[in-house]
Amino acid sequence: MWSESNPLPPQIPDFTRTEFEDTCKRRFFYGLGFDPYGGVAGLYDFGPVGCQIKNNLINMWRQHFIMEENMLEIETTVMTPEDVFKTSGHVAKFTDVMVTDAVTGDFLRVDKYIEEWVEKKLADPKANLSDTQKDELKLLGIKADGMSIPEFEHEIKKWDIKSVKGNALTAPRDVNLMFPTKIGPGGDKVGYLRPELAQGIMLNFKRMLEYNGGRMPFAGAAIGTAFRNEIAPRNNLIRVREFTLAEIEHFLDPLDKTHPKFASVAATTLWLRPKDRQEAGEEDAVLMSIGDAVKNSVVNNETLGYFMTRVQDFLLSVGVKYLRFRQHRKDEMAHYAADCWDCECLTSFGWVECVGIADRSCYDLTCHGKERKVDFFAYEKYPSPKIERGLDRKIVKGIVNKQFHRESQGVMAFLEGIEEDEALKMEQELADKGSVEITYGEDKKATITRNMVSFAMADKKVSGRSYVPSVIEPSFGLGRIIYAMLEQSYWVRRDKDADDKKNEKRAVFSLPARIAPYKCTVLPLSPSVLREPWCTDIIAKWRSAFAAMGISYKVDDSSQGIGKKYARSDEIGVSYNLTIDPDTKASQKVTLRERDSTKQITLTVDQAPGVLCDLCTERLTWEAATSQY
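Residues numbered from 1 in each chain as written. Predicted model: local features only at pLDDT ≥ 70, side-chain atom pairs only at ≥ 80, totals over all residues. Heavy atoms only, no water.

Asks: Teacher, can you tell me more about empty space enclosed by the protein here?
Replies: One way to see where empty space is left: roll a probe the size of a water molecule over the atoms. A complete count under the given rule lists one cavity of 30 Å³ or more for this structure. Looking at the largest cavity, its volume works out to about 40 Å³. Around the largest cavity sit Arg-27, Thr-521, Lys-554, Asp-556, Lys-565, Arg-568, Ser-569 and Ile-572, which together line it. The element best represented in the lining of the largest cavity is helix H21 (residues 562-570), accounting for three residues. Split into classes, the residues belonging to the lining of the largest cavity amount to one nonpolar, two polar and five charged. (1 Å grid on protein atoms, 1.4 Å probe; cavity = no way out; pocket = protein on both sides within 12 Å on 5 of 7 lines; lining within 4 Å. Points joined across faces, edges and corners; volume = space filled by probe spheres on them. Helix = DSSP H or I, 4+ residues; strand = E, 2+ residues; numbered from the N terminus. Nonpolar A, V, L, I, M, F, W, Y, C, P; charged D, E, K, R; others polar.)

Asks: Help me understand the sheet that holds strand E4 (residues 79-81), please; the structure alone is not making it clear to me.
Replies: Through backbone hydrogen bonds, the strands of a sheet pair up, either in parallel or in antiparallel fashion. Taken together, the three strands give an open sheet; going across it, the order is E4-E9-E8, and neighbouring strands pair in antiparallel fashion. Strands at the two margins of the open sheet, each flanked by one partner only, are E4 and strand E8 (179-183). Taking the axes of each pair of neighbouring strands and ignoring which way they run, one obtains an average angle of 45 degrees across the sheet. Bridge analysis of E8 against strand E9 (residues 189-193) gives five bridges, and the strand direction is antiparallel. Opposite Pro-180, over in E9, you have Tyr-192 as the bridge partner. (Pairing = 2+ DSSP bridges. Axes fitted to C-alpha atoms, helices over the stretch in contact; angles between N-to-C directions.)

Asks: Would you explain the side chain of Asn-236 in this entry?
Replies: With respect to the helices and strands, the residue Asn-236 is situated in the loop between strand E10 (218-227) and strand E11 (242-252). One polar contact links Asn-236 to Glu-21, side chain to side chain, over a distance of 3.0 Å. Within the local environment of Asn-236, its side chain forms a polar contact with the side chain of Tyr-483, the two groups lying 3.0 Å apart. Residues in contact with Asn-236, not counting those within four places in the same chain, are Glu-21, Tyr-30, Tyr-44, Phe-349 and Tyr-483. (Polar contact = N/O pair within 3.5 Å; in protein donor to acceptor, adjacent residues only side chain to side chain. Contact = heavy atoms within 4.5 Å.)

Dropping the structure here:
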């Protein structure tokens with residue numbers, strides 16, 4: 001598939017965005033939401049074709065990940081209480097840096113704006129840049145998305161960066177990207193529309209672990225809508241404010257991140273942009289097997305590497321041809337993450353992140369467990385008991401119950417969940433003062449006395465250990481994948497024999513059959529044929545067969561010529577056409593046309609559904625079909 005002699009292209013070959021956008025708009029793949037009211041930036045509606053493609057993509061994602069990897073799919077709520085995002089850090093840190101045009105007031109997301117400014121500056125022959133300046137600008141373009149506010153201020157001043165209209169920029173500032181809302185009729189409880197699905201999945205960890213019989217590792221998955229209040233939404237479906245995510249949270253032992261299937265994918269090659277190459281200013285990706293990447297510590301562990309190969313397999317199967325993996329640099333890596341890679345797909349807007357694959361360590365579960373005093377532990381049973389040194393807790397439940405009555409359960413949960421370091425500090429304070437004040441639950445206070453509890457380190461015979469799992473998270477932006485898939489599958493068929501120049505160019509979307517909005521268009525050669533009872537009987541017979549086989553189709557009953565009917569079908573990505581002509585009544589034969597090659601085979605009416613099903617499910621190739629029929 002890929003080799004050093006067949007590298008990734010710098011741009012999509014022979015692609016014209018204006019033609020592509022015109023086709024998508026004319027055939028209503030998607031469109032700006034609330035268009036009669038002027039539309040709202042970053043909000044898009046999917047049309048009939050877009051909906052079918054999106055549904056097929058979701059179905060393939062479920063089959064590829066949830067079914068094949070035996071994951072647990074759940075559905076969590078969009079509206080999320082503020083406390084959840086305070087604990088996870090989203091309230092404080094889920095931000096982008098913004099600047100404003102000092103004259104017009106236009107908002108700009110500064111990292112993306114600088115990346116675009118650098119690209120234009122380097123391409124400007126009048127810029128008269130020295131080789132040193134060019135190298136500095138290339139590095140600035142690479143590092144912009146991980147820079148701090150002081151660094152942005154420095155670079156804007158150093159390079160005298162202005163707005164698109166040549167005006168000065170205001171000082172950079174952080175802007176939180178979450179949409180706030182009020183929960184309840186009184187509006188007294190603050191919430192947010194979720195910007196990701198991860199927190200909802202992770203907070204259900206204990207339920208899923210119990211459902212899974214306590215077995216580790218396992219994965220939870222969810223598909224749903226998320227929201228981000230983008231500073232400057234643009235580029236069609238790439239940077240939007242409402243979008244669909246498909247996320248996986250794979251829970252595993254932090255001391256064992258091997259994967260049982262890794263050997264089966266170790267030879268798989270991927271285009272990688274490791275962080276050290278980026279930090280050195282290298283822009284090109286290198287082709288490397290995932291086995292070598294993990295062995296040489298380019299990728300942190302086997303499970304992360306396994307999912308990177310699974311992501312690549314999935315994207316290739318849905319029609320994405322040009323993709324690579326970029327590792328997060330030190331200046332952009334989350335402080336808690338062990339490793340993180342973005343799967344980028346090539347578009348006319350450049351390389352765009354479509355999937356993030358991160359080792360989030362045990363950060364989220366630890367934070368939520370500590371904040372809510374909830375046990376987010378998994379348990380590993382040893383083959384035989386061991387002697388280990390650990391914290392010995394002695395809680396006198398009778399005294400605690402007598403002292404705190406109804407609140408005793410919350411106090412007990414605090415004492416049972418307190419971590420080792422904090423417990424030893426409490427023990428020292430109890431020894432020195434005889435009592436200590438704690439805060440538990442929702443800011444509730446209690447005084448713990450010496451006779452209620454004691455903590456000490458001791459050797460204990462244990463049959464297993466409890467641990468907070470690490471999490472490997474692949475997160476898919478389905479809208480971005482659809483957009484990249486559409487651009488990469490789009491091409492124009494040049495018809496030199498067309499009657500007029502207008503019809504010389506005919507758009508085609510070479511989508512895989514499993515993704516195509518319709519697998520087949522049924523084309524009666526003319527309206528008079530469609531009116532014949534024998535023709536409607538054939539279509540009715542096919543309708544039942546197609547439904548049983550799960551084949552989506554449409555009937556083109558227009559009065560246009562067969563050439564235009566083919567063109568209308570090709571430009572929405574329909575894989576095959578079944579043509580019924582006047583001779584079909586006597587011969588009981590129809591023609592099956594393949595979209596990309598335009599070649600045809602002849603089938604009987606009864607053969608057509610089965611052959612079509614085999615082609616769409618890849619049990620039969622088109623080359624084999626042309627030889628057989």
